[in-house]
Amino acid sequence: MDPAVDAHAPILEERLLGVRGLLETALRPLLPAGMILALLLVWWYSMIGHQFTPDPLLPGARASDAVLGVTFEYALTYPQPGVIGPVLKANKGETQRVLPLMRGDVTLDGVVVSLQPGAPSLLVRTLDDAPLLAQPGQSATAAVLGLGFPNPSSEQTLILPQHGVGMRIIRQDNATTSAADDSFVVEVFQGDSEQPIQRFTIRDSQVERIQTPVGEMPLGFVPVPMLQVQAYSAPNHWLLLPAALLLLAGALGFRRRPAFLLAQAGPWPVERSVVIIQTDHAVALETLRRVIEAEPQETP
């Protein structure tokens, strides 16, 4: 104790200071810091990342990207005789995945592959695997052809060059929310005839006998969806975790408002006291005023 201070000297004034929310105030700058870090990561990913989105794949089609080193093939497997199982074969280097036709994401050596069934397509095949099918302008024939129909009323043309037969296939909208419910109308033409000699509707996997000058030819029709594939690389995903933690900590800083209260009490002649209260919290001020007013007053 300072010897110059008299311990028995009357206290002229007492001060009490109360504060709330110091920790929250310290956390608030973390919110803009997290936002800045997240924006920098987005910019960085856009600069060094790469995205590959090929056109919707038809059955039997392939697509590849040299930058990501990935190759996709809409392959047709035959798990049982007469049964077609379409799958997506995704390759990156020595890694290969066979994916079913359902929406989902997989990762191949750091490359994220997103798969989503798209608009309807129609798979047409010969039952004896004879290469008799072609499209206008194609010189080579095939045993299996995939035809895409991106929109309702879309149409495709299929020909049997060796038999002089052509088919016009039109996608019909069945007024349902799912494009998978759409059907296909097939019109068969012979030679230069402008009127179809045969007409039928494809609603499910089925076999139809096509009339040709040399007799009926059975063809298989299998509705399957086109595939929308997207591949992208976004290295160092773990850097998003610090940004998320900064954003969360900064958001916690705003869960309640900081406040202070300073109370000063001192003597006021004669035998009275004066109390001065300063605060930025109106509720606390009103509560403290009521407490002080409720204190019993001493009478001389």
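None of these values were measured; they are calculated from a predicted model.

Parameters and conventions
- Residues numbered from 1 in each chain as written.
- Predicted model: local features only at pLDDT ≥ 70, side-chain atom pairs only at ≥ 80, totals over all residues.
- Heavy atoms only, no water.
- Axes fitted to C-alpha atoms, helices over the stretch in contact; angles between N-to-C directions.
- Helix = DSSP H or I, 4+ residues; strand = E, 2+ residues; numbered from the N terminus.
- Parallel < 35°, antiparallel > 145°, perpendicular 65-115°, else oblique.
- Left-handed = near helix turned anticlockwise from the far one by under 90°.
- Contact = heavy atoms within 4.5 Å.
- Nonpolar A, V, L, I, M, F, W, Y, C, P; charged D, E, K, R; others polar.
- Pairing = 2+ DSSP bridges.

## Points about the packing of helix 2 (residues 30–48) against helix 3 (residues 240–252)
Here is step 1: Their axes nearest at 7 Å, the elements helix 2 and helix 3 cross at an angle of 155 degrees. Taken together, the axes of helix 2 and helix 3 lie roughly antiparallel to each other. In terms of crossing hand, the pair formed by helix 2 and helix 3 is left-handed. Counted together, Leu30, Leu31, Ala33, Gly34, Met35, Leu37, Ala38, Leu41 and Tyr45 of helix 2 and Leu240, Pro242, Ala243, Leu246, Leu247, Ala249, Gly250 and Ala251 of helix 3 form the full contact between these two elements.
Here is step 2: Split by residue class, the contact of helix 2 with helix 3 holds 15 nonpolar, two polar and no charged.

## Points about the environment of leucine 23
Here is step 1: Tracing the backbone shows leucine 23 in helix 1 (residues 22–27).
Here is step 2: The sequence separation of leucine 23 and proline 258 amounts to 235 residues, and the corresponding C-alpha distance is 9.1 Å.

## A few points about the sheet that holds strand 17 (residues 272–279)
Here is step 1: An order of 1-16-17 is seen for the three strands of this open sheet, with the pairing classed as antiparallel. Each having just a single partner strand, strand 1 (14–20) and strand 17 make up the two edges of the open sheet. Sheet twist, expressed as the average angle between the axes of neighbouring strands with direction ignored, equals 10 degrees.

Spatial relationships are all this shows, so hold off on functional conclusions.
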